[in-house]
Amino acid sequence: MITARAAERAHALTELPAYVYDLTALATHAGAVRAALPPSVELYYAAKANPAPELLEALAPHVSGFEVASGGELAHVRTAAPGVPLAFGGPGKTEDEIGAALEAGVERFHVESEQELRLLAAVASPRRAVEVLLRVNLPLDAAELGGAALAMGGRPSPFGLDPDRVEACLPLFAGGGPLRLRGIHAHLASGLDAGAQLAVATRIADWTRDFEARHGLDLTEVGVGGGMAVDYARPAERFDWTAYGEGLRALADRHPRRTLRVEPGRALTAYCGWYVTDVLDIKHSHGEPFAVLRGGTHHMRTPAAKSHSHPFTVLANETWTRPWPRPGVRDTPVTLVGQLCTPKDVLAARAHVPELRVGDRVAFALAGAYAWNISHHDFLMHPPPSFHYLT
Ligand SMILES: *Cc1c(COP(=O)(O)O)cnc(C)c1O
């Protein structure tokens, strides 16, 4: 659950808490994902999962582009990875953000609404042609999706256009304006296994083909979104990229004129990061043991955001110099909490440990995505973690 290099660094760190990223492991993983997909399928990384420049740089050789979802991400990613194509998505794009995106030469706009499309046309008017994918909120068959953790498609949502409203956008592409309709984009659910992802991709591609035929269009691009599962309960499991790639190959064969594009975030970067800290206190409260760790969910909000117990490895530290007995627990479930004065600051609830003592180190796995960058850093004003990028 922790690479040898990351474990070695985690033991050697003098300042805790810390984030440790294994960039070599990240590059290997991204290379394997890329190799599992047919060459014709474009792999984009959704930067919101973790936009750290070091990670973007490690990913750049393996991706066709980055998906950004704000003016801030756009400016940041352009600087961190110059020359890598960008797709600009996300709801509520402002006039200033659209202007900046046009200025930066963004390759694709994922448009979320009619208002946004009109605004884009207005801002772009005197400038170059603008390549657009309309984001559609397609209904999904619940049975197809199995245990989708976070379904966004097919129900009321701020994301994308209802299928019948996509049609209403078509006149805006006519008449020699700057907008070019390249295709359809959708990101309908997250936490899907390969079978469910394929069902979703098929649904989007087939809908695009039917829509194209109905309106006599030429739609050459289909973005099928991200949301490939990361299993926090079974951290050694991986999304089945081989099966997904094979399925996409068959799908691409049925859509020979169209470029398929996938845009995972979590499933690319989650595995390369660890949040490492140490145990400050162990106590019993009404019969249950609690381990209080340095740091907490203000550094790694993931378990609070997803209401799960975060997987971790104990890194034993044999040094104990205090003149009193070392507090610890053995072969028991223990709740790992942080330093925040809120009962929500739980990193792992009733997790079984062979042994855990004050002064031992703990490395939380799957902390490379939606961890530091989604956390409320300033709450309670504890010091920030240090960051270590292993190359
Ligand atoms: C967040 C997001 C993604 C990435 O989702 P993951 O679950 O991290 O794979 C892809 N596309 C869009 C439009 C998103 O909003």
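Quantities reported herein were computed from a predicted structural model and do not represent experimental measurements.

Rules of the game
- Residues numbered from 1 in each chain as written.
- Predicted model: local features only at pLDDT ≥ 70, side-chain atom pairs only at ≥ 80, totals over all residues.
- Heavy atoms only, no water.
- Core = buried A, V, L, I, M, F, W, Y, C linked by side-chain atoms within 4.5 Å.
- Buried < 20%, exposed > 50% of the residue type's maximum accessible area, 1.4 Å probe, protein only.
- Domains from an automatic or database assignment.
- Phe/Tyr/Trp six-rings, centres within 6.5 Å; stacked < 30°, edge-to-face > 60°.
- Helix = DSSP H or I, 4+ residues; strand = E, 2+ residues; numbered from the N terminus.
- Pairing = 2+ DSSP bridges.
- Axes fitted to C-alpha atoms, helices over the stretch in contact; angles between N-to-C directions.
- Contact = heavy atoms within 4.5 Å.
- Near = heavy atom within 4 Å.
- Polar contact = N/O pair within 3.5 Å; in protein donor to acceptor, adjacent residues only side chain to side chain.
- Parallel < 35°, antiparallel > 145°, perpendicular 65-115°, else oblique.
- Left-handed = near helix turned anticlockwise from the far one by under 90°.
- Nonpolar A, V, L, I, M, F, W, Y, C, P; charged D, E, K, R; others polar.
- Salt bridge = Lys/Arg side-chain N within 4 Å of Asp/Glu carboxyl O.
- Arc of directions from axis to C-beta.

Residues Phe-66, Phe-109, Leu-134, Tyr-244, Leu-248, Leu-336 and Leu-356 are the most contacted members of the largest nonpolar core, which totals 121 residues. The two domains that each donate at least three residues to this core are domain 1 (23–270) and domain 2 (271–390).

Turning our eyes to something else, we now look at the packing of aromatic side chains. Here the structure, examined in full by the defined rule, presents 14 aromatic pairs. Between Trp-207 and Phe-211, the aromatic rings sit 4.9 Å apart at their centres with planes inclined by 10°, giving stacked as the arrangement. With Trp-207 and Phe-211 both in helix 9 (residues 194–215) and 4 residues apart, this pair spans about one turn of that helix. A relative accessible area of 12% means that Trp-207 is categorised as buried. With relative accessibility at 0%, the residue Phe-211 sits in the buried group.

The strand order 2-3-4-5-6-8-10-11 describes a closed barrel built from 8 strands, whose pairing is parallel. Between one strand and the next, the sheet's axes are offset by a mean angle of 30°, whatever the strand orientation. As defined by bridge partners, strand 6 (residues 130–135) adjoins strand 8 (residues 179–185) across 6 bridges and the pair is classed as parallel. When the bridges of strand 8 are listed, Val-132 appears paired with Leu-181.

Mapping Ala-18 onto the fold places it in strand 1 (residues 18–22). A relative accessible area of 0% means that Ala-18 is categorised as buried. On a C-alpha basis, the gap between Ala-18 and Phe-109 in space is 36 Å, while along the polypeptide they are 91 residues apart. Ignoring any residue separated from it by four or fewer positions in sequence, one finds Ala-18 in contact with Leu-13, Trp-274, Tyr-275, Val-276, Pro-385, Ser-386 and His-388.

With that settled, the discussion passes to the site of the ligand. The ligand sits among 14 residues. The nearest are Lys-48, Gly-227, Glu-263, Arg-266 and Tyr-370. Here an oxygen atom of the ligand sits 2.8 Å away from a polar atom, N or O, in the side chain of Lys-48.

A few words on the packing of helix 9 against helix 10 (residues 241–254). In the contact formed by helix 9 and helix 10, the axes pass within 9 Å of each other and the chain directions differ by 15°. One element, helix 9, and the other, helix 10, form an angle in the roughly parallel class. Note that helix 9 runs across helix 10; the crossing there is right-handed. Between helix 9, through Ala-194, Gln-197, Leu-198, Ala-201, Thr-202, Ala-205, Asp-206 and Arg-209, and helix 10, the contact on the second element is made entirely by Ala-243, Tyr-244, Gly-247, Leu-248, Leu-251 and Arg-254. Across the contact of helix 9 with helix 10, the residue classes break down as 8 nonpolar, 3 polar and 3 charged.

Taken as a whole and assessed by the stated rule, the structure comprises 22 salt bridges. Glu-42 is the salt-bridge partner of Arg-261, the closest N and O atoms lying 2.9 Å from each other. Highlighted residues: Arg-261 in strand 11 (residues 259–262) and Glu-42 in strand 2 (residues 42–46), separated in sequence by 219 residues. The salt bridge partner of Arg-165 is Glu-114, with a shortest N-O separation of 2.9 Å. Taken together, the residues span a long stretch of sequence, with Arg-165 in helix 8 (residues 163–169) and Glu-114 in helix 6 (residues 114–124) at a distance of 51 residues. The partly exposed category is assigned to Arg-165, whose relative accessible area is 38%. A cluster of three or more residues bridged by salt bridges with shared partners is formed by Glu-42, Arg-108, Glu-221 and Arg-261.

Moving on, we get to helix 4 (residues 71–80). All buried positions along helix 4 are accounted for by Gly-71, Glu-73, Leu-74, Val-77 and Arg-78. Down the axis of helix 4, the buried set is contained in an arc of 160°. They therefore lie on one face. Exposed side chains of helix 4 directed beyond 90 degrees from the buried face belong to Gly-72 and Thr-79. On its buried side, helix 4 packs onto helix 3 (53–59), strand 3 (65–68), strand 4 (86–88) and helix 5 (95–103). For helix 4, the capping residue at the N-terminal end is Ser-70, with a side-chain oxygen 3.2 Å from the backbone nitrogen of Gly-72.

Let us look at the environment of Leu-179. Tracing the backbone through its elements, the reader meets Leu-179 in strand 8. Separated by 200 residues in sequence, Leu-179 and Phe-379 place their C-alpha atoms 44 Å apart. Each residue touching Leu-179, except ones within four places of it in the same chain, is listed here: Leu-117, Leu-120, Ala-121, Val-130, Val-132, Leu-172 and Phe-173.

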